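Working through the structure, step by step
Next come the chains, spelled out residue by residue.
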Amino acid sequence: MSPILANVIFPAFTTPYFSPLLFPVAGIAAMVTEYACYRRFSSHPERPSFGDIIGANFVSWLVGIVIGFFLPSGLVHKAKSSGAGPILTQGPHFTTYAIIAYFGACILSIIIEGWYLRWSERGESEPVTGLYRLSALANAASYMVLGVVVWAWITWIW
């Protein structure tokens, strides 16, 4: 029995959204970091709730995936050495686009998650103060963790 190898291809600007699926440890570490930041720095001890944080991340993920498919993919067609048809592979700018995508995804997450959390707090008598600032802090921390864990995995383990 021989091992099966898979070549997973996705556009460069969707890298921040697919990396937690390909490296679940990185995704879990990022979510735990984000939740810990919300718990530590929120003006209210129980809000935003874990469900609100998951909902905000899901909406942000969906919007980011859609936008990512409309940006340059960083993929090119390359002829196979066997003479069979061309294959789709990473082009010369793929890594640059993927790195830029992490910064863009973080900014997008701050905006979307801040909006989502503000929306989820609309019925509360005592809303959490500084939600956008809190969203910026939590997302900056979680994207740093996500980037470092993915980079470490690719560099040292893979």
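Before going into details, it helps to say that this report is about the structure given with it. Source: prediction; values computed, not measured. (Residues numbered from 1 in each chain as written. Predicted model: local features only at pLDDT ≥ 70, side-chain atom pairs only at ≥ 80, totals over all residues. Heavy atoms only, no water.)

Now for the packing of helix H2 (residues 24-41) against helix H3 (residues 50-70). Packed helix pairs are characterised by how far apart their axes lie and by the angle those axes make with each other. Following both chains from N to C, one finds H2 and H3 inclined at 130 degrees, their axes separated by 11 Å at the closest point. As far as their axial angle goes, H3 and H2 are oblique. Viewed along their axes, H2 and H3 form a crossing whose handedness is right-handed. Where H2 abuts H3, its residues Met31, Glu34, Tyr35, Tyr38 and Arg39 lie against Phe50, Ile53, Ile54 and Asn57. Its residues placed into classes, the contact of H2 with H3 shows 6 nonpolar, 1 polar and 2 charged. (Axes fitted to C-alpha atoms, helices over the stretch in contact; angles between N-to-C directions. Helix = DSSP H or I, 4+ residues; strand = E, 2+ residues; numbered from the N terminus. Parallel < 35°, antiparallel > 145°, perpendicular 65-115°, else oblique. Left-handed = near helix turned anticlockwise from the far one by under 90°. Contact = heavy atoms within 4.5 Å. Nonpolar A, V, L, I, M, F, W, Y, C, P; charged D, E, K, R; others polar.)

The method is simple in principle: a probe with the dimensions of a water molecule rolls over the atoms, and the space it marks as empty is what remains. The computed volume of the second largest pocket comes to approximately 400 Å³. Forming the walls of the second largest pocket are 19 residues, and the residues nearest its centre are Pro16, Pro20, Met31, Asn57 and Trp61. Breaking the lining of the second largest pocket down by element, the ones donating at least two residues are helix H1 (15-22), H2, H3, helix H4 (94-120) and helix H5 (131-157). Here the element with the most residues in the lining of the second largest pocket is H3; it accounts for 5 residues. Of the residues that constitute the lining of the second largest pocket, the class distribution is 11 nonpolar, 6 polar and 2 charged. (1 Å grid on protein atoms, 1.4 Å probe; cavity = no way out; pocket = protein on both sides within 12 Å on 5 of 7 lines; lining within 4 Å. Points joined across faces, edges and corners; volume = space filled by probe spheres on them.)

Once that is clear, we can look at the side chain of Thr15. Tracing the chain through its elements places Thr15 in helix H1. The class of Thr15 is buried, set by a relative accessible area of 11%. For Thr15, the contacting residues outside a window of four places in its chain are Phe10, Phe94, Ala98 and Tyr102. (Buried < 20%, exposed > 50% of the residue type's maximum accessible area, 1.4 Å probe, protein only.)

Here we come to the packing of H1 against H3. Across the interface, H1 lies against H3 with an axial gap of 9 Å and an inter-helix angle of 120 degrees. Here H1 lies oblique to H3, going by the angle between them. Two secondary-structure elements touch here, H1 through Tyr17, Phe18 and Leu21 and H3 through Ser60, Trp61, Gly64, Ile65 and Phe69. Its residues placed into classes, the contact of H1 with H3 shows 6 nonpolar, 2 polar and no charged.

If you look at the biggest cluster of nonpolar residues, it comprises 14 residues, and the most contacted ones within it are Tyr17, Ala26, Tyr102, Tyr143, Leu146 and Val150. When contributions to this core are tallied by element, the ones reaching two or more residues are H2, H4 and H5. Top element by residues in this core is H4. It accounts for 6 residues. Those residues in contact with Tyr143, other than ones at most four positions away along the chain, are Pro16, Tyr17, Tyr102, Ala105, Cys106 and Ser109. With 10 residues, the next largest nonpolar core counts Cys37, Leu131, Leu134 and Ala138 among its residues. (Core = buried A, V, L, I, M, F, W, Y, C linked by side-chain atoms within 4.5 Å.)

In this section: the environment of Ile110. Among the secondary structure elements, Ile110 is positioned in helix H4. Distance from Ile110 to Asn57, taken between C-alpha atoms, is 9.9 Å for residues 53 residues apart in sequence. Residues in contact with Ile110, not counting those within four places in the same chain, are Tyr132, Ser135, Ala136 and Asn139.

What follows is about the side chain of Ser120. Positionally, Ser120 belongs in helix H4. One polar contact links Ser120 to Asp52, side chain to side chain, over a distance of 3.5 Å. (Polar contact = N/O pair within 3.5 Å; in protein donor to acceptor, adjacent residues only side chain to side chain.)

Compared with an ideal rise of 1.5 Å per residue, which puts 18 residues at 26 Å, H2 spans 26 Å between its outermost C-alpha atoms and is within 8% of the ideal. Every buried residue belonging to H2 is among Ala26, Gly27, Ala30, Glu34, Cys37 and Tyr38, and all of these are buried. The buried residues of H2 all sit within an arc of 105 degrees when viewed along its axis, so they share a single face. Of the residues in H2, the exposed ones pointing more than 90 degrees away from the buried face are Val25, Ile28, Val32 and Arg40. (Expected span 1.5 Å × (residues − 1). Arc of directions from axis to C-beta.)

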